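Given next are the chains, with one letter for each unit.
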Amino acid sequence: MDTIAVAESFLVEDGRVRGLDRHRDRFYRGCAEAGLDPAAPWAAFERALPATGRWFPRLEMRGDGEPHVAVRPAPAREPEVVACLFDGPDPRRAPRRKGPDLERLGALRAQAARHGAGEALLRDSAGRLLEGAYTSLLWWEDEALCAVPDDAPILDGVTRALLLGIAADDGVPVRHRRPRADELTGREVWLTSALHGIRAVVPGPHGSLPAGPAPRAAAWQTRLEALATR
(Lines give C-alpha, C1' and ligand atoms only; values in the text may rest on other atoms or scores of the structure.)
Protein backbone atom coordinates (compact mmCIF):
# COMPACT_ATOMS: atom_id res chain seq x y z
CA MET A 1 0.00 0.00 0.00
CA ASP A 2 1.27 3.49 -0.89
CA THR A 3 2.30 5.81 1.90
CA ILE A 4 -0.20 8.58 2.65
CA ALA A 5 1.05 11.66 0.82
CA VAL A 6 -1.45 14.14 2.26
CA ALA A 7 -4.27 13.85 4.78
CA GLU A 8 -6.80 16.16 6.35
CA SER A 9 -9.34 15.59 9.14
CA PHE A 10 -11.51 17.71 11.40
CA LEU A 11 -14.51 17.59 13.68
CA VAL A 12 -18.00 17.95 12.16
CA GLU A 13 -20.90 18.59 14.52
CA ASP A 14 -24.32 18.87 12.87
CA GLY A 15 -22.65 20.08 9.70
CA ARG A 16 -20.54 22.73 11.45
CA VAL A 17 -16.74 22.85 11.23
CA ARG A 18 -14.11 25.09 12.80
CA GLY A 19 -11.70 26.63 10.29
CA LEU A 20 -12.82 24.64 7.26
CA ASP A 21 -11.12 27.10 4.91
CA ARG A 22 -7.83 26.65 6.81
CA HIS A 23 -8.10 22.86 6.54
CA ARG A 24 -8.77 23.17 2.80
CA ASP A 25 -5.82 25.50 2.27
CA ARG A 26 -3.47 23.22 4.22
CA PHE A 27 -4.64 20.24 2.15
CA TYR A 28 -4.07 22.18 -1.07
CA ARG A 29 -0.55 23.16 0.02
CA GLY A 30 0.26 19.55 0.89
CA CYS A 31 -1.00 18.32 -2.46
CA ALA A 32 1.02 20.93 -4.31
CA GLU A 33 4.14 19.78 -2.46
CA ALA A 34 3.35 16.16 -3.32
CA GLY A 35 2.56 16.92 -6.97
CA LEU A 36 -1.13 15.98 -6.65
CA ASP A 37 -4.31 17.72 -7.81
CA PRO A 38 -6.51 18.50 -4.79
CA ALA A 39 -9.52 20.25 -6.30
CA ALA A 40 -11.84 17.38 -7.24
CA PRO A 41 -11.04 15.22 -4.17
CA TRP A 42 -11.66 18.14 -1.81
CA ALA A 43 -14.96 19.07 -3.47
CA ALA A 44 -16.13 15.45 -3.18
CA PHE A 45 -14.99 15.36 0.45
CA GLU A 46 -17.03 18.43 1.35
CA ARG A 47 -20.11 16.92 -0.33
CA ALA A 48 -19.64 13.78 1.81
CA LEU A 49 -19.68 15.65 5.13
CA PRO A 50 -22.72 14.59 7.20
CA ALA A 51 -25.31 17.27 8.00
CA THR A 52 -26.24 15.82 11.36
CA GLY A 53 -24.39 14.02 14.15
CA ARG A 54 -20.83 14.21 15.43
CA TRP A 55 -18.14 12.96 13.04
CA PHE A 56 -14.38 13.00 12.45
CA PRO A 57 -13.97 12.44 8.68
CA ARG A 58 -10.58 12.08 7.00
CA LEU A 59 -9.45 12.59 3.42
CA GLU A 60 -6.25 10.87 2.30
CA MET A 61 -4.28 11.18 -0.90
CA ARG A 62 -1.77 8.45 -1.68
CA GLY A 63 0.97 8.33 -4.24
CA ASP A 64 -1.35 7.01 -6.94
CA GLY A 65 -3.40 10.21 -6.71
CA GLU A 66 -6.59 8.41 -5.71
CA PRO A 67 -8.54 9.95 -2.81
CA HIS A 68 -9.63 7.82 0.15
CA VAL A 69 -12.45 9.15 2.34
CA ALA A 70 -13.40 7.77 5.75
CA VAL A 71 -16.41 9.27 7.52
CA ARG A 72 -15.81 8.15 11.10
CA PRO A 73 -17.89 8.74 14.23
CA ALA A 74 -16.09 11.19 16.52
CA PRO A 75 -15.07 9.94 19.96
CA ALA A 76 -16.07 11.91 23.02
CA ARG A 77 -14.09 15.06 23.68
CA GLU A 78 -11.31 14.73 26.24
CA PRO A 79 -10.69 18.01 28.12
CA GLU A 80 -7.46 16.80 29.78
CA VAL A 81 -4.45 14.75 28.73
CA VAL A 82 -1.24 13.35 30.20
CA ALA A 83 1.71 14.09 27.89
CA CYS A 84 4.93 12.09 28.03
CA LEU A 85 8.28 13.17 26.60
CA PHE A 86 9.56 11.10 23.69
CA ASP A 87 13.22 10.35 24.39
CA GLY A 88 14.34 9.56 20.86
CA PRO A 89 15.15 11.82 17.91
CA ASP A 90 12.34 13.40 15.94
CA PRO A 91 11.14 10.55 13.66
CA ARG A 92 9.21 12.68 11.18
CA ARG A 93 10.22 12.94 7.55
CA ALA A 94 7.80 15.72 6.54
CA PRO A 95 6.90 17.60 9.74
CA ARG A 96 5.11 20.42 7.95
CA ARG A 97 2.83 18.17 5.88
CA LYS A 98 0.07 16.08 7.41
CA GLY A 99 0.09 12.57 5.98
CA PRO A 100 3.50 10.95 5.42
CA ASP A 101 4.29 10.60 9.15
CA LEU A 102 0.87 9.59 10.49
CA GLU A 103 1.79 5.92 10.94
CA ARG A 104 5.03 6.54 12.84
CA LEU A 105 3.38 9.24 14.95
CA GLY A 106 0.59 6.81 15.76
CA ALA A 107 3.23 4.38 17.00
CA LEU A 108 4.62 7.08 19.30
CA ARG A 109 1.17 7.73 20.72
CA ALA A 110 0.63 4.00 21.25
CA GLN A 111 3.94 3.86 23.10
CA ALA A 112 2.83 6.81 25.24
CA ALA A 113 -0.42 5.01 26.06
CA ARG A 114 1.55 2.04 27.39
CA HIS A 115 3.13 4.45 29.87
CA GLY A 116 -0.17 5.96 31.00
CA ALA A 117 -0.16 9.01 28.72
CA GLY A 118 -2.48 10.18 25.97
CA GLU A 119 0.10 12.03 23.87
CA ALA A 120 3.82 12.01 23.09
CA LEU A 121 5.78 15.28 22.93
CA LEU A 122 8.51 15.71 20.33
CA ARG A 123 11.71 17.69 20.87
CA ASP A 124 14.33 19.15 18.58
CA SER A 125 18.01 18.19 18.62
CA ALA A 126 18.64 20.73 21.40
CA GLY A 127 15.96 19.18 23.62
CA ARG A 128 13.41 21.95 23.11
CA LEU A 129 9.73 21.07 22.78
CA LEU A 130 8.08 21.22 19.35
CA GLU A 131 4.60 19.67 19.42
CA GLY A 132 2.71 16.49 20.18
CA ALA A 133 2.41 13.52 17.86
CA TYR A 134 -1.06 14.68 16.76
CA THR A 135 -1.30 18.03 18.57
CA SER A 136 0.04 21.58 18.75
CA LEU A 137 1.63 22.95 21.93
CA LEU A 138 0.46 26.16 23.61
CA TRP A 139 1.13 27.42 27.13
CA TRP A 140 0.73 30.47 29.34
CA GLU A 141 3.42 32.68 30.85
CA ASP A 142 1.79 35.24 33.14
CA GLU A 143 -0.86 36.85 30.90
CA ALA A 144 0.75 35.88 27.59
CA LEU A 145 -0.28 32.94 25.42
CA CYS A 146 2.86 31.22 24.12
CA ALA A 147 3.50 29.06 21.08
CA VAL A 148 6.39 27.42 19.26
CA PRO A 149 7.53 29.71 16.38
CA ASP A 150 5.94 29.19 12.97
CA ASP A 151 9.34 28.55 11.37
CA ALA A 152 10.00 25.54 13.61
CA PRO A 153 9.51 22.02 12.16
CA ILE A 154 5.86 21.83 13.22
CA LEU A 155 2.56 21.27 11.48
CA ASP A 156 0.49 24.34 10.65
CA GLY A 157 -2.13 23.46 13.26
CA VAL A 158 -5.55 24.85 12.40
CA THR A 159 -6.81 24.90 15.99
CA ARG A 160 -3.55 26.52 17.10
CA ALA A 161 -4.05 29.26 14.50
CA LEU A 162 -7.66 29.85 15.55
CA LEU A 163 -6.67 30.22 19.20
CA LEU A 164 -3.85 32.61 18.37
CA GLY A 165 -6.39 34.57 16.34
CA ILE A 166 -8.71 34.79 19.35
CA ALA A 167 -5.79 36.04 21.42
CA ALA A 168 -4.99 38.72 18.83
CA ASP A 169 -8.62 39.83 18.67
CA ASP A 170 -8.75 40.11 22.48
CA GLY A 171 -5.45 41.96 22.80
CA VAL A 172 -3.85 39.05 24.65
CA PRO A 173 -0.04 39.14 24.28
CA VAL A 174 1.37 36.29 22.18
CA ARG A 175 4.96 35.10 22.52
CA HIS A 176 6.85 32.56 20.41
CA ARG A 177 9.75 30.41 21.57
CA ARG A 178 10.85 26.79 21.93
CA PRO A 179 10.73 25.82 25.62
CA ARG A 180 12.43 23.02 27.46
CA ALA A 181 10.12 20.70 29.35
CA ASP A 182 11.25 21.93 32.76
CA GLU A 183 10.34 25.51 31.80
CA LEU A 184 6.68 24.47 31.70
CA THR A 185 6.63 23.01 35.22
CA GLY A 186 3.53 24.27 37.00
CA ARG A 187 2.35 26.32 34.02
CA GLU A 188 -0.98 26.10 32.21
CA VAL A 189 -0.22 23.99 29.14
CA TRP A 190 -2.57 23.06 26.30
CA LEU A 191 -2.33 20.47 23.55
CA THR A 192 -4.69 21.43 20.75
CA SER A 193 -6.25 19.57 17.84
CA ALA A 194 -9.24 19.69 15.51
CA LEU A 195 -10.86 16.75 17.30
CA HIS A 196 -10.64 17.82 20.94
CA GLY A 197 -9.99 21.54 20.65
CA ILE A 198 -8.10 22.36 23.84
CA ARG A 199 -6.87 19.62 26.13
CA ALA A 200 -5.27 20.84 29.34
CA VAL A 201 -2.09 18.92 30.17
CA VAL A 202 -2.26 17.32 33.62
CA PRO A 203 0.50 15.63 35.63
CA GLY A 204 0.96 11.90 35.17
CA PRO A 205 3.54 9.17 35.68
CA HIS A 206 7.29 9.73 35.73
CA GLY A 207 8.44 11.10 32.38
CA SER A 208 5.30 13.13 31.77
CA LEU A 209 5.14 16.90 31.46
CA PRO A 210 4.64 18.41 34.96
CA ALA A 211 2.09 21.04 33.96
CA GLY A 212 -0.01 22.99 36.45
CA PRO A 213 -3.71 23.91 36.72
CA ALA A 214 -5.51 25.20 33.62
CA PRO A 215 -8.07 27.78 34.75
CA ARG A 216 -8.40 29.40 31.30
CA ALA A 217 -9.02 26.26 29.24
CA ALA A 218 -12.80 25.92 29.57
CA ALA A 219 -13.57 29.54 28.65
CA TRP A 220 -11.22 29.45 25.66
CA GLN A 221 -12.74 26.15 24.51
CA THR A 222 -16.14 27.85 24.50
CA ARG A 223 -14.73 30.67 22.37
CA LEU A 224 -13.17 28.15 20.02
CA GLU A 225 -16.38 26.17 19.59
CA ALA A 226 -18.24 29.37 18.71
CA LEU A 227 -16.11 29.64 15.56
CA ALA A 228 -17.72 26.57 13.96
CA THR A 229 -19.73 27.35 10.81
CA ARG A 230 -21.60 25.40 8.14
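These lines cover the structure that appears in this document, whether it is placed above or below. Every chain's residues receive numbers from 1 upward, in the order its sequence appears when written. The model is predicted, so local features are restricted to residues of pLDDT at least 70 and side-chain atom pairs to those at 80 or more, both for listing and for counting; the totals for chains, interfaces and linings are taken over all residues. Calculation of side-chain values draws on the structure's entire complement of heavy atoms; hydrogens and water are dropped beforehand.

### Quick word on the overall build of the chain
Inference 1: Regarding its fold elements, the chain presents five helices and 14 strands.
Inference 2: For a compact globule the rule gives 2.2 Å times the number of residues to the power 0.38, and the radius of gyration it is set against comes from C-alpha atoms. Relative to the globule expectation of 17 Å for 230 residues, the C-alpha radius of gyration of the chain, 17 Å, shows essentially globular dimensions.
Inference 3: By principal-axis analysis of the C-alpha atoms, the chain measures approximately 45 × 35 × 30 Å.
Inference 4: Three labels apply to residues, based on accessible area from a 1.4 Å probe with only protein chains included: buried if under 20% of the type maximum, exposed if over 50%, partly exposed otherwise in between. Here the chain, with 230 residues, has 49% of them falling under the buried criterion.
Inference 5: Residue contacts are counted whenever heavy atoms from the two residues lie within 4.5 Å of one another. At a minimum sequence separation of 6, the contacts of the chain that also span at least 24 residues come to 69%.
Inference 6: Of the roughly 10,800 Å² that the chain leaves accessible, carbon and sulfur atoms contribute 51%.
Inference 7: We treat Lys and Arg as the positive residues and Asp and Glu as the negative residues; His and chain ends play no part in the count. For the purpose of locating charges, the reference atoms are NZ of Lys, CZ of Arg, CG of Asp and CD of Glu. Separation between the mean location of the 32 positive side-chain charges and that of the 33 negative ones in the chain comes to 1 Å. Numbering goes from the N terminus for both helices and strands, where a helix is a DSSP run of H or I of at least four residues and a strand is a run of E of at least two. Computed by Shrake-Rupley with a 1.4 Å probe, the accessible areas treat only the displayed protein chains as cover when residues are assessed.

### Concerning the environment of glutamate 131
Inference 1: As for its position among the elements, glutamate 131 is in strand β9 (residues 129-132).
Inference 2: You can call glutamate 131 buried: its relative accessible area is 6%.
Inference 3: For glutamate 131 and proline 153, which are 22 residues apart along the polypeptide, the C-alpha to C-alpha distance reads 9.1 Å.
Inference 4: If sequence neighbours within four positions are ignored, glutamate 131 has contacts with Arg92, Pro95, Ala120, Leu121, Leu122, Ser136, Leu137, Pro153, Ile154 and Leu155.
Inference 5: A 3.5 Å cut-off defines polar contacts: any pair of N or O atoms within that distance qualifies, except that in protein one atom must be a possible hydrogen donor and the other a possible acceptor, and neighbouring residues in sequence count only when both atoms are side-chain atoms. A distance of 2.4 Å separates a polar atom in the side chain of glutamate 131 from a polar atom in the side chain of arginine 92.

### Re the nonpolar core
Inference 1: Here, the term nonpolar core denotes a set of buried Ala, Val, Leu, Ile, Met, Phe, Trp, Tyr and Cys residues that are joined through side-chain atoms within 4.5 Å. Ranked by internal contacts, the top residues of the largest apolar core, which has 19 residues, are Leu129, Leu137, Val189, Val201 and Leu209.
Inference 2: With residues near it in sequence (within four places) discarded, leucine 129 still touches Leu85, Leu121, Leu122, Arg123, Leu137, Val148, Arg178, Pro179, Arg180, Ala181, Leu184 and Leu209.
Inference 3: Of all hydrophobic cores here, the second largest spans 17 residues; its members include Trp140, Val158, Ala167 and Ile198.

### Focus on the sheet that holds strand β6 (residues 80-81)
Inference 1: Note: two strands are recorded as paired if DSSP finds a minimum of 2 bridges between them. Ordered in space as β6-β14-β13-β10-β11-β12, the six strands form an open sheet in which the pairing is mixed. For this open sheet the edge positions go to β6 and β12 (174-176), each flanked by a neighbour on one side alone.
Inference 2: Where helix α5 (residues 217-225) meets the sheet, it contacts β10 (136-141), β11 (144-147), β13 (189-193) and β14 (197-201), and its direction lies at approximately 170° from that of β14. For helices, the fitted line uses only the C-alpha atoms of the stretch in contact; every axis is such a line through C-alpha atoms, and the angle between N-to-C directions lies from 0 to 180 degrees.

### Observations concerning the environment of leucine 121
Inference 1: Here leucine 121 shows up in strand β8 (residues 119-123).
Inference 2: Residue leucine 121 is classed as buried on the basis of its relative accessible area, which comes to 1%.
Inference 3: Placed 87 residues apart in sequence, leucine 121 and serine 208 show a C-alpha to C-alpha distance of 9.1 Å.
Inference 4: Other than its neighbours up to four places away in sequence, leucine 121 contacts Ala83, Cys84, Leu85, Phe86, Leu129, Glu131, Gly132, Leu191 and Leu209.

### Here we look at the packing of helix α1 (residues 20-34) against helix α2 (residues 39-47)
Inference 1: Between α1 and α2, the least distance of the axes is 10 Å, while the angle of their chain directions is 150°. Put simply, α1 runs roughly antiparallel to α2. Crossing handedness for the pair α1 and α2: right-handed. Each of Leu20, His23, Arg24, Phe27 and Tyr28 in α1 lies in contact with α2, whose residues at this interface are Ala39, Trp42 and Glu46.
Inference 2: For the contact of α1 with α2, the per-class residue count stands at five nonpolar, one polar and two charged. Note on terminology: angles under 35 degrees are roughly parallel, angles over 145 are roughly antiparallel, angles of 65 to 115 are roughly perpendicular, and the others are oblique. By convention, the crossing between two helices is left-handed when the near helix turns anticlockwise from the far helix through less than a right angle, and right-handed when the turn is clockwise. Residues are grouped as follows: Ala, Val, Leu, Ile, Met, Phe, Trp, Tyr, Cys and Pro are nonpolar; Asp, Glu, Lys and Arg are charged; all remaining types, including Gly, are polar.

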